Amino acid sequence: MNEHVDAVLATAPEGGSNAAPAGEAKNPLLVALGDRVRNLRAQRGLTRKAVAISADVSERHLANLEYGIGNASILVLQQVAGALHCSLAELVGDVTTSSPEWLLIRELLENRSETDLRRVRVALGELLGTASVDPARHRRIALVGLRGAGKSTLGQMLADDLDVPFVELSREIEKLAGCSVREIHDLYGTNAYRRYERRALEEAVQIYSEVVIATPGGIVSDPATFNELLAHCTTVWLQAAPEEHMGRVAAQGDTRPMAASKEAMEDLRRILNGRAAFYSKADLSVDTSGQSLAQSFQTLRSATRQSMGLGA
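The rules we used
Residues numbered from 1 in each chain as written. Predicted model: local features only at pLDDT ≥ 70, side-chain atom pairs only at ≥ 80, totals over all residues. Heavy atoms only, no water. UniProt positions renumbered as here; feature names shortened; annotations may be inferred. Pairing = 2+ DSSP bridges. Helix = DSSP H or I, 4+ residues; strand = E, 2+ residues; numbered from the N terminus. Axes fitted to C-alpha atoms, helices over the stretch in contact; angles between N-to-C directions. Buried < 20%, exposed > 50% of the residue type's maximum accessible area, 1.4 Å probe, protein only.

Looking at an unreviewed UniProt entry, one finds the chain named Shikimate kinase, with Variovorax paradoxus as its source organism. Listed in UniProt under the heading Subunit (unreviewed entry), the comment for the chain reads: "Monomer."

A. Local environment of the sheet that holds strand S5 (residues 284-287). With respect to topology, five strands assemble into an open sheet ordered S2-S3-S1-S4-S5, the strand pairing being parallel. At either end of the open sheet lies a strand with only one pairing partner, and these are strand S2 (166-168) and S5. Here the average twist between neighbouring strands, direction ignored, is 20°. In the sheet, S2 pairs with strand S3 (residues 211-214) via three bridges, with the strands oriented parallel. For Val-167, the partnering residue across the bridge sits in S3 and is Ile-213.

B. Region of interest: the pairing of S3. Side chains Val-211 and Ile-213 of S3 all project onto a buried face; the interleaved residues Val-212 and Ala-214 project onto the opposite face, where all are buried too. Relative to S3, strand S1 (residues 140-144) runs parallel, the two sharing four bridges. In the sheet register, Ile-141 faces S3, and the bridge partner there is Val-212.

Right under this line is the structure:
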């Protein structure tokens, strides 16, 4: 029997049973992982022995993995992925590997520049009907950036100048939840906070056709919420040097762990580096580093008014 047929028909561990140890139920995650390994092996027409040799693991170890009774290390999974000529993401079940169409689309996007990927994202939005057709988008200004960037102060000043409402999204989140942001995280967790954040943004967009919104620094962490923001608001990234972010937070009397930590600056730089690629998707960018409040406001005012088609 050839290797392809052998791989497809492999339905039991070679040399043993696929049962879990007596009295122990199989872990669903390990079972799903094993199914993917077995299916990928079948798709590639490889015997278990051939994969085991290529991955440099024992055939017994691979059999246990395939039948959900082997808790393989990440290094072994990497070796198995290499032997199956697939990515580690495909092996563990990333959504972009869940169907042939996903895989073909991902292949087209791999190694593309950020500019190309943005064009594809916009084109997909238009194709699927999720692109912004909101005529009020240019009249809603949303400020994004880390804490200490000046979103609240500059946002209120900008709203006063434009004679439109000012919305502090964190306060709206607290109104919806009936408790503070800290309590939401402590009592209900990050996922609950993200749901309140999305709902608060959706309500703000529905209520206001003209508004300045100061968003929480982590709003870019949830792609669905960030897409909503980009679709319905003209976004402005307020930037500042890490040292200025930290100085402003400390000046506000913040005593939260990040501000009190000995590794605070390192943590802040890491957060900024991790979010910068998302913040950079904003329509406008205003760097307030080394500027006074008045100078920062004039820069922001000029950029937003020009974007809105208003006079200076």
